Amino acid sequence: MLTEKEMFSNLIWMFVLLCSSVTDESYIRNADIFPSSPEIERGSSLKLSCVLRKNYTPQRNASHIIWKLNDELIAPENYNIVNKTVSNITIHNFNYSTANVECLMKYSDKELPLVHTEVKSGFPPDMPENISCIYFYDVNLTCTWNAGRETSLTTNYTLYRKLMSSPGLNESCLTITESCSFSYPDNAYSSDFCFQVEAKNVLGASLTECVPIPLQKIEKFAPPEIISVKKIPGIKQLLTVTWKMPEKIIPSKHIICQVQYRNLYSNFTKFVNVSLNSKKNRISSCNLTGLWDSTDYSVAIRCVNNESTFWSGWSGEKNESTEENAPSGKVDLWRVIESSRSSRNRSVHLMWKPLKSFPPSGRILGYKIQYFPENKAAHKRTYNSTEQKMTLLLNEEAHIISVTAYNSAGESPEAILRIPSPDEKSSQMIEKVVASTTNEEMVVQWITSEPETTKYVVEWYEELEMDPFGRSWQYVSNSTKWKSNKKIFKPFICYNILVYPLYGSNVAAPSYTQIYADEKKPSVGPVADTGILGKNEVTIKWNEISKAKRNGFITNYTIFYKPKDGKELNETVNSDVLQYRLKSLQANTQYTVQIMASNRAGGTIGEPKTFKTLKLDKEDIFFIAIPVEISILCLIGLWITCVLKKHAFKKVFWPDIPNPEESLAVEWPLASSNNSFLKRMSSQTKTVDFEEINVLEYCFPEESQEGSLLINYENHVSECTGINTKGMTNRDEKILHNEENEAAKSLSPSMPYIITDQFTRSQMHSALIPGKEVRPIEVVANDLCGSQQNPNKNEEHDDEEVLRLEDFSEKALFNPYLKNSVKTREFLVSESLPEHSTDECRSQPGALPPFQPNVLAQSYITVDMFRLAKGASSSTSSSSLAPHTTSSQGSALMRKRGQT
């Protein structure tokens, strides 16, 4: 008997086949293929026939038919032409699960589709195995089995339920899957059923044996419903669970229910079994004991027939919390003391966390903080807080601080810490702290100098952490080693780790270390800078990388430097070195320098810096500067000397020369009327030959060099000039006019001072021509003596023009340029002066004793300048005056001057 579901499925298949046949008729117009949509066993041979219809064109027959498998041409040797309208194809070892075979007509190189079909291959069904059933009382009976190998073809399964006592009475269930159900009312309860499954497809069929399965052993009912989970006031660690059993259960059977309760705090699960009678107990309950105080629990229930192998599903969970108890453990209290620079008040940052007691006592409602000065317990202050931190402002006294946690059942024991005064100095109990890491853990170990200390606090925080509440801590007891999961530490961040010894409520001085949980190479490199540049060396400086970018402990720095178009060199220094002096560099060369900072994970190079060495260093400049400075100092000293001694230098290099115009020897005519001589000279020659003007010179005897004798000037002149009196003409008498104003007045008793004609002429010539030299005394003496010895030479100049006496002024003027003026000169005649003859004068050499300046009582003679004018009636001029003056004239002149 077919069910409604099976009938509906058959109708769908019939509709699909009808639609496919209509499609095939519209597509295949000129041929048919047999068999249509075949299903064959995989690996066997496929045989198909293509039959042309009668209305097809007679010129085209079966010999023009070709075959394709999945659009690929099948080899012609597999074709078999039966007649003009039928072509067969044979495909051996067909292994496609599904394939499309097509028949086509090939004519004039064209392929015309005629007909196609879908071919399936598979396997005959295996015998079903492992038949099992589940019985839901007054609901349904469902059986399942294992069909075995996949057939790849449509396979139908039929489930038979038979009464073992009446084999003719059976019921069947048809399906194409591996399960089938008998629904109410076709699932009557009986303990005498057996079950059998038949599998069938186009390739074959298989049938199992009938397997007996009692229904009470396969019964499964709906989950029970939890009515309530409650705690009983005043009773600790207990919950009561109440539930209701489902109605559709096989009657008169014993039921076992299992109660599951799970601690939400620890995710720990336990089970409790409860036995029930299905007929009497529809509502049941049980008490859960030995629970934790103030702990949330989740409860669920399932039940089973004591003969069945199938439990019901779990009921929905319900949660409830047990009664609270006062917290049993102390809070985990810690502090950070921050001293104030402006006053003795201190900020004490308190932090705590509830002690993770197991099991917990209850839900914490808040915390009570109390503190007071150590010696003033009456000044206790109390604060309540729901947070786990607080900042207290304390004075310089030592304080006692306590923190307790409280809930609805009471308070926890006090956690106490003592805050020392700023003046107290705690002892250093921990000698060394070492931190290290493994693949999964952070390990901190320390060495203590006080073995009796058994309790410590390990504190850690990020090096750049400024918030005191950002620190973490943990108490360690009876150990000098602390381990923690490395995942709580951020990678590439430096952490400060401190270990504090505890003795009672006192905290001793900590020991400190730093560590990175994981390292990587620095994010940036150091920036190089140049310090003192030299010729062959330079100082390279750099700053430390910021702590946020180090990513590990810096182990060393490497300095890379390279000259332009040269080979790169490097130097490595320790991590505490922040400057280095590069030596043996090339002078006046451009270098590029970079610095690499390295840690255990690698190194990072900073930005390049370019510098150029100097051509000269300080030593070179020093050796160059010293001579220059010495020269400058010498020049400055010379200049200062010149400034201070300018008058002395002026007398040596530029002596005062007497001004002829101011001489008292003669009175010069006025420029407007008496300058006839210069006018005549300028009119005739345009220049004045001052070398032709001579001054009376004197020849001194050699004996004047040995003693300070006074020479009778008149006798001496007469002796020197008496030789030449014979050759003089009357014209020579016109040389002197107004003799009393022209002779020298005094004579130094020790050394003669003579101004020669050159000296006098230079004074006259100074207005027009650069200054003349002063002739040496030796030359003057030679000239004087020579003029006396050569009278003939003087006669050769008789024709030269001489100055007349009338050209001179009758009035003698005072000469301020002379050291002793004419008016003040005196002749000091020594009585011991020896007599000298004319022959002695002639026999004296031309050299005179050297002049000795600034010698007291040194004798000298000054010959004043005669200004001579050319006579109007003279036809010739004399080239010199004094050397050619007659003896009588010279002696007369000297006598007159002496009288004056």
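Rules of the game
- Residues numbered from 1 in each chain as written.
- Predicted model: local features only at pLDDT ≥ 70, side-chain atom pairs only at ≥ 80, totals over all residues.
- Heavy atoms only, no water.
- Helix = DSSP H or I, 4+ residues; strand = E, 2+ residues; numbered from the N terminus.
- Buried < 20%, exposed > 50% of the residue type's maximum accessible area, 1.4 Å probe, protein only.
- Areas by Shrake-Rupley, 256 points an atom, 1.4 Å probe, with all protein chains shown as cover.
- Disulfide = S-S within 2.5 Å.
- Pairing = 2+ DSSP bridges.
- Axes fitted to C-alpha atoms, helices over the stretch in contact; angles between N-to-C directions.
- Polar contact = N/O pair within 3.5 Å; in protein donor to acceptor, adjacent residues only side chain to side chain.
- Contact = heavy atoms within 4.5 Å.
- Core = buried A, V, L, I, M, F, W, Y, C linked by side-chain atoms within 4.5 Å.
- Patch = residues over 30% accessible without salt bridge, like charges linked within 9 Å, V, L, I, M, F, W, Y side chains within 5 Å.
- Salt bridge = Lys/Arg side-chain N within 4 Å of Asp/Glu carboxyl O.
- Expected span 1.5 Å × (residues − 1).
- Bend = angle between axes of the 7 residues up to and from the residue.
- Phe/Tyr/Trp six-rings, centres within 6.5 Å; stacked < 30°, edge-to-face > 60°.
- pLDDT = per-residue confidence, 0-100.

### Things to note about the overall build of the protein
Item 1. Looking only at helices and strands, the protein features 10 helices and 50 strands.
Item 2. Counting all 900 residues of the protein, 42% fall into the buried class.
Item 3. In the form shown here, the protein has an accessible surface area of approximately 49900 Å², with 51% of it arising from carbon and sulfur atoms.

### Quick notes on the state of the cysteines
Item 1. This model, assessed by the stated rule, comprises 5 disulfides.
Item 2. The disulfide partner of cysteine 173 is cysteine 180, and the S-S distance across this bridge is 1.3 Å. Its S-S torsion of about -55° marks the bond between cysteine 173 and cysteine 180 as left-handed, since a negative value means left-handed.
Item 3. Disulfide partner of cysteine 257: cysteine 303, at an S-S distance of 2.0 Å. Sign of the S-S torsion, about 100° for the bond between cysteine 257 and cysteine 303, identifies this disulfide as right-handed. Of this pair, cysteine 257 sits in strand 20 (residues 254–263) while cysteine 303 is found in strand 23 (residues 296–305), placing the two residues 46 residues apart along the sequence. By the burial criterion, cysteine 257 is buried, and cysteine 303 matches it.
Item 4. With no disulfide of its own, cysteine 286 lies closest to cysteine 257 among cysteine sulfurs, the gap being 9.3 Å.
Item 5. Classification of cysteine 286 by relative accessible area gives buried; the value is 10%.

### Some thoughts on the sheet that holds strand 24 (residues 318–321)
Item 1. Reading across from one edge, 21-20-23-24 is the order of the 4 strands in this open sheet, with antiparallel pairing throughout. Here the strands that pair on one side only, and so sit at the sheet edges, are strand 21 (268–277) and strand 24. For this sheet, the mean angle separating the axes of adjacent strands, direction not counted, is 30°.
Item 2. Direction of pairing for strand 20 relative to strand 23: antiparallel, over a ladder of 9 bridges. Across the sheet, valine 259 pairs through a bridge with isoleucine 301, a residue of strand 23.

### Quick notes on the side chain of serine 206
Item 1. Checked against the element boundaries, serine 206 lands in strand 16 (residues 204–207).
Item 2. Of the residues examined, serine 206 reaches a relative accessible area of 12% and is grouped as buried.
Item 3. Among the polar contacts made by the side chain of serine 206, one reaches the main-chain carbonyl oxygen of aspartate 126 at a distance of 2.9 Å.
Item 4. Apart from the residues lying within four places of it in its own chain, the contact partners of serine 206 are Pro125, Asp126, Met127, Pro128, Val197, Glu198 and Ala199.

### Some remarks on the pairing of strand 41 (residues 528–533)
Item 1. In terms of strand pairing, strand 41 meets strand 42 (residues 538–542) through 4 bridges, oriented antiparallel. Paired with aspartate 529 across the strands is lysine 541, a residue of strand 42.
Item 2. Connecting strand 41 to the next strand, strand 42, in antiparallel fashion are 4 residues.

### Regarding the nonpolar core
Item 1. In terms of nonpolar packing, the biggest core is built from 27 residues, with Trp334, Trp352 and Ile401 touching the most fellow members.
Item 2. Elements with a minimum of two residues in this core: strand 25 (332–339), strand 26 (346–353), strand 27 (366–373), strand 29 (389–394), strand 30 (399–407), strand 32 (415–419), strand 35 (455–462) and strand 38 (494–503).
Item 3. With 4 residues, strand 26 is the largest single contributor of residues to this core.
Item 4. Discounting residues that sit within four places of it in the chain, isoleucine 401 has contacts with Leu333, Val348, Leu350, Gln370, Tyr371, Leu392, Leu394, Ala415, Ile416, Leu417 and Ile419.
Item 5. Counting 25 residues, the second largest nonpolar core, distinct from the first, contains Leu52, Ile66, Ala99 and Val101.

### A word on a nonpolar patch on the surface
Item 1. On the surface, a cluster of nonpolar side chains totalling about 1100 Å² of accessible area is made up of Leu616, Ile621, Ile624, Val628, Ile632, Leu633, Ile636, Trp639, Ile640, Val643 and Leu644.
Item 2. Take tryptophan 639: it is sitting in helix 2 (residues 618–644).

### Some remarks on the pattern of salt bridges
Item 1. Summed over all chains, the structure comprises 16 salt bridges.
Item 2. Across the salt bridge formed by lysine 368 and glutamate 411, the nearest N and O atoms sit 3.1 Å from each other. With a gap of 43 residues between them, lysine 368 in strand 27 and glutamate 411 in strand 31 (residues 410–411) connect regions that are remote in the sequence.

### Considering the sheet that holds strand 4 (residues 65–69)
Item 1. Reading across the sheet, the 5 strands line up as 2-9-8-4-5 and stay open at both edges, with mixed pairing between neighbours. The open sheet has two edge strands, strand 2 (39–41) and strand 5 (72–73), and neither has a second partner.

### Topic: the environment of phenylalanine 611
Item 1. In this structure, phenylalanine 611 sits in strand 48 (residues 609–612).
Item 2. Note on phenylalanine 611: relative accessible area 5%, which makes it buried.
Item 3. Each C-alpha atom of the pair phenylalanine 611 and leucine 533 lies 8.6 Å from the other, and the pair is 78 residues apart in sequence.
Item 4. In this view, phenylalanine 611 contacts Thr530, Leu533, Val538, Ile540, Leu585, Thr589, Gln590, Tyr591 and Val593; residues no more than four positions away in its chain are not counted.

### Some points on unusual backbone geometry
Item 1. With an omega of -10°, the peptide bond running from phenylalanine 34 to proline 35 counts as cis.
Item 2. Note that proline 35 resides in the loop between strand 1 (31–34) and strand 2.
Item 3. Located in the positive-phi region is asparagine 478, a residue other than glycine, with phi close to 55°.
Item 4. Position of asparagine 478 relative to the elements: it lies in the loop between strand 36 (472–477) and strand 37 (481–485).
Item 5. Its identity as a non-glycine residue notwithstanding, aspartate 565 has a phi of 60°, on the positive side.
Item 6. Assignment of secondary structure puts aspartate 565 in the loop between strand 43 (556–563) and strand 44 (569–574).

### Considerations on helix 2
Item 1. In this model helix 2 runs 37 Å from its N-terminal to its C-terminal C-alpha over 27 residues, within 8% of the 39 Å that 1.5 Å per residue would give.
Item 2. In helix 2, a bend of some 25° at alanine 625 exceeds every other bend along the element, and proline 627, a proline, comes one to four places later.

### Regarding the packing of aromatic side chains
Geometrically, a pair of aromatic rings is defined through the distance of the ring centres and the angle of the planes.
Item 1. Evaluated as defined, the whole model comprises 16 aromatic pairs.
Item 2. Centre to centre, the rings of tryptophan 145 and tyrosine 157 are 6.1 Å apart; their planes meet at 50°, and the pair counts as tilted. One end of the pair, tryptophan 145, is in strand 11 (residues 140–146); the other, tyrosine 157, is in strand 12 (residues 156–163), with 12 residues separating them in the sequence.
Item 3. For tryptophan 145, a relative accessible area of 4% gives the class buried.
Item 4. A relative accessible area of 8% places tyrosine 157 in the buried class.

### Remarks on the environment of glutamate 209
Item 1. Mapped onto the secondary structure, glutamate 209 falls in the loop between strand 16 and strand 17 (211–212).
Item 2. Sequence separation of glutamate 209 and cysteine 194 is 15 residues, and the distance between their C-alpha atoms is 9.3 Å.
Item 3. When neighbours within four sequence positions are excluded, glutamate 209 is seen to be in contact with Phe195 and Gln196.

### Considerations on the confidence of the model for the protein
Item 1. When the pLDDT values of the protein are averaged, the result is 74; 68% of them are 70 or greater.
Item 2. Long-range and interchain partners of residues 20–28, a stretch whose pLDDT sits below 50, account for 10 contacts in this model, where long-range means more than four residues apart.
Item 3. Note on residues 671–900: pLDDT under 50 across the span, and 415 contacts to partners over four residues away in sequence or across chains.

### Points about the environment of lysine 615
Item 1. By the secondary structure assignment, lysine 615 is in the loop between strand 48 and helix 2.
Item 2. Its relative accessible area of 59% is what places lysine 615 among the exposed residues.
Item 3. Separated by 29 residues in sequence, lysine 615 and glutamine 586 have C-alpha atoms that sit 9.4 Å apart.
Item 4. The contacts of lysine 615, once residues within four sequence positions are left out, are Lys535 and Asn588.

### Some details on the side chain of serine 421
Item 1. Tracing the sequence through the fold places serine 421 in the loop between strand 32 and strand 33 (430–437).
Item 2. Beyond its immediate sequence surroundings of up to four residues, serine 421 is in contact with Arg346, Glu396, Glu397 and Ala398.

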